Amino acid sequence: VQLQASGGGLVQAGGSLRLSCAASGRTFSSYVVGWFRQAPGKEREFVAAIRWSGGTTQYTNSVKGRFTISRDNTENTVYLQMNSLKPEDTAVYYCAAGYGVILSAFGNLNQYAYWGQGTQVTVSS
């Protein structure tokens, strides 16, 4: 699986961005696709994930109610709609795919074998 993340950019606080994660090589079926982010000097952290089959989702607490993860079967793409952005959301955002990840492990980056290249999100105050 090869992943291509896109959609990052510079936005003012309160604004919105939509990130995309497109897969090539195979479909996402039987996979969980997650978004993680890494700010300068910090560890990579979980943001959100979706199980392709069934659509089960999970979010980290700090983005609940602001971010929405979704999938498009026809495009083999996962999206992260980010609304009400805050300066603390500034980071490089990575998408990742893991096979057969159980719900309790959605936030564990070690469960994801395939990673995209990252896209920068900068939120100005």
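Shown above is the structure to which this text applies.
This report concerns the structure included in the present document.

## Topic: the packing of aromatic side chains
Part 1: One pass over the full model with this rule turns up six aromatic pairs.
Part 2: Look at Tyr-31 and Tyr-99: their rings are 5.4 Å apart centre to centre, the planes differ by 75 degrees, and that puts the pair in the edge-to-face class. Of this pair, Tyr-31 sits in strand β4 (residues 31-38) while Tyr-99 sits in strand β9 (residues 91-99), and the two are 68 residues apart along the sequence.
Part 3: A relative accessible area of 4% means that Tyr-31 is categorised as buried.
Part 4: Here Tyr-99 falls in the exposed class, since its relative accessible area comes to 59%.
Part 5: With centroids separated by 5.1 Å and ring planes inclined at 50 degrees, the aromatic side chains of Phe-36 and Trp-115 adopt a geometry described as tilted. With Phe-36 in strand β4 and Trp-115 in strand β10 (residues 114-115), this pair connects stretches of sequence that are 79 residues apart.
Part 6: For Phe-36, a relative accessible area of 0% corresponds to the buried category.
Part 7: Judged by its relative accessible area of 28%, Trp-115 is partly exposed.
Part 8: The rings of Phe-36, Phe-46, Tyr-112 and Trp-115 are connected pair by pair, giving a single aromatic cluster.
Part 9: The aromatic ring of Tyr-79 is capped on one face by Arg-18, whose charged end is 4.1 Å from the ring centroid.
Part 10: Lying across the ring of Tyr-94, Arg-44 places its NZ or CZ 3.7 Å from the centre.

Calculation criteria
- Residues numbered from 1 in each chain as written.
- Predicted model: local features only at pLDDT ≥ 70, side-chain atom pairs only at ≥ 80, totals over all residues.
- Heavy atoms only, no water.
- Phe/Tyr/Trp six-rings, centres within 6.5 Å; stacked < 30°, edge-to-face > 60°.
- Helix = DSSP H or I, 4+ residues; strand = E, 2+ residues; numbered from the N terminus.
- Buried < 20%, exposed > 50% of the residue type's maximum accessible area, 1.4 Å probe, protein only.
- Lys NZ or Arg CZ within 6 Å of the ring centre and 35° of its normal.

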